[in-house]
Amino acid sequence: MSNVFVMDHPLIQHKIGVLRRIETGPKEFRELVSEIAMLMSYEATRNLPLEEIEIETPIAKTKVKQIEGRHLGIVPILRAGLGMVDALLTLVPTAKVGHIGLYRDPESLQPVEYYCKLPSDVSERDIFVLDPMLATGGSAIAAIDFLKEKGVHKLHFLCIIAAPEGVKALQEAHPDVPIYIGALDERLNDHAYIVPGLGDAGDRLFGTK
Ligand code: PRP
Ligand code: URA
C-alpha cells in the first residue's frame, strides 16, 4: 500500500477515539473533525514543493522558502466533507474551494451526484479531496473520476476513517492518488457502514436523523 498513509500521531488517535463515541454530540463532533483534519493536513502537505526567494528582515537580506508558485484547491464531498474545510483553509488561506455533492443511494450503495461547483482554474491546481469516511470507496472514486475529467492531474484524498474495502477500491481505481487516513478500521457491515466506525458522519456533524 505504497500510496496509503495511515496517520499514527497520538493526538489524531486520541481525538478519533472521542469522535467515535456514541455520546459525542454534534458540537463536539464538528470541533473534533476540524481538529483532526488540521492535524492530518499538516502531514498530507508535507511533500508540497518549496522554492527559495530573497527577502529582507529588519537586519539583513536573506533567502527563505515558500510554497512553490502552484495553487492549491480543496474539494469537500458534501455533506460530511464540509466539516474538514475550515481546517485546511486555516493552514492554506489562499486555497480555492470547490464542492461536489454526492450521496450514497441506500439500496444500490452507488454514489448519486446532486451538486458540483469548481474553481474555473481547477485543472491547474493541486487538489485535496476531503471526506471523513471512505467506506465502499464509491463516493471518493466518483469525485476523483469527475475531477480528472475536468483536467485535474494532481490529487490527494484525505479521510478520517477508512474501511479496507474502500482503500482497495480507491487504490485500484486511482493508483496515482495518495490516500491519507486517520484510522484504518476492520471492515464494512451488511449495510456498507464502517465497523467499528462512527456511524453516519453527515448526520453526526449536522445533527440530522
Ligand atoms: C457518506 C460519507 C461519504 C460516503 C462514503 O456520505 O460522507 O461521502 O458516505 O461511502 P462510500 O465510500 O461507500 O461511497 P453520505 O452518502 O452518507 O452523504 P452525506 O455526507 O450527505 O451524509
Ligand atoms: N458513510 C458514513 O457516514 N459512515 C459509514 O460508516 C459509511 C458511509
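That block above? That's the structure.
Remember, predicted model here, so these are calculated numbers, not experimental data. (Residues numbered from 1 in each chain as written. Chains lettered and ligands numbered in written order. Predicted model: local features only at pLDDT ≥ 70, side-chain atom pairs only at ≥ 80, totals over all residues. Heavy atoms only, no water.)

A. Quick peek at the site of ligand 2. Taken together, the neighbourhood of ligand 2 is formed by Arg-104, Met-133, Ala-135, Ala-192, Tyr-193, Ile-194, Gly-199, Asp-200 and Ala-201. Between ligand 2 and Ala-201, the relevant distance is 2.8 Å, taken from an oxygen atom to a main-chain nitrogen or oxygen of the residue. In isolation ligand 2 offers 240 Å² of accessible surface; the protein chains occlude 88% of this area. Judged by its atoms lying within 2 Å of the grid points, ligand 2 is housed in the largest pocket. When its residues are assigned to classes, the shell around ligand 2 shows 6 nonpolar, 1 polar and 2 charged. (Near = heavy atom within 4 Å. Polar contact = N/O pair within 3.5 Å; in protein donor to acceptor, adjacent residues only side chain to side chain. Areas by Shrake-Rupley, 256 points an atom, 1.4 Å probe, with all protein chains shown as cover. 1 Å grid on protein atoms, 1.4 Å probe; cavity = no way out; pocket = protein on both sides within 12 Å on 5 of 7 lines; lining within 4 Å. Sits in = over half its atoms within 2 Å of the grid points. Nonpolar A, V, L, I, M, F, W, Y, C, P; charged D, E, K, R; others polar.)

B. Structural view of the nonpolar core. By size, the foremost hydrophobic cluster in this structure holds 38 residues, and its most contacted members are Leu-19, Ile-36, Met-40, Phe-128, Leu-130, Leu-158 and Ile-160. Those elements that place two or more of their residues in this core are α1 (10-20), α2 (26-44), β4 (71-78), α3 (85-91), β8 (125-130), β10 (154-162), β11 (179-184) and α6 (201-206). In terms of residues, this core owes the most to one element, α2, which gives 7 residues. Counting residues in each nonpolar core, the second largest holds 26 residues, with Ile-77, Ile-100, Ala-143 and Ile-181 among its members. (Core = buried A, V, L, I, M, F, W, Y, C linked by side-chain atoms within 4.5 Å. Buried < 20%, exposed > 50% of the residue type's maximum accessible area, 1.4 Å probe, protein only. Helix = DSSP H or I, 4+ residues; strand = E, 2+ residues; numbered from the N terminus.)

C. The arrangement of the packing of α1 against α2 in detail. α2 packs onto α1 with a crossing angle of 160 degrees between their chain directions and a minimal axis gap of 10 Å. The angle between α1 and α2 falls in the class roughly antiparallel. Like other packed secondary-structure pairs, α1 and α2 cross with a definite hand, here left-handed. Contact with α1, carried on its side by Leu-11, Ile-12, Lys-15, Ile-16, Val-18 and Leu-19, involves Glu-28, Phe-29, Leu-32, Val-33, Glu-35, Ile-36, Leu-39 and Met-40 of α2 and no other residues of that element. By residue class, the composition of the contact of α1 with α2 is 11 nonpolar, no polar and 3 charged. (Axes fitted to C-alpha atoms, helices over the stretch in contact; angles between N-to-C directions. Parallel < 35°, antiparallel > 145°, perpendicular 65-115°, else oblique. Left-handed = near helix turned anticlockwise from the far one by under 90°. Contact = heavy atoms within 4.5 Å.)

D. Summary view of empty space enclosed by the protein. Tallying each qualifying case throughout the model produces 1 cavity of 30 Å³ or more. Empty space within the largest cavity amounts to approximately 30 Å³. A per-element tally of the lining of the largest cavity places β4 first, with 3 residues. For the lining of the largest cavity, the residue count by class is 6 nonpolar, 2 polar and no charged. (Points joined across faces, edges and corners; volume = space filled by probe spheres on them.)

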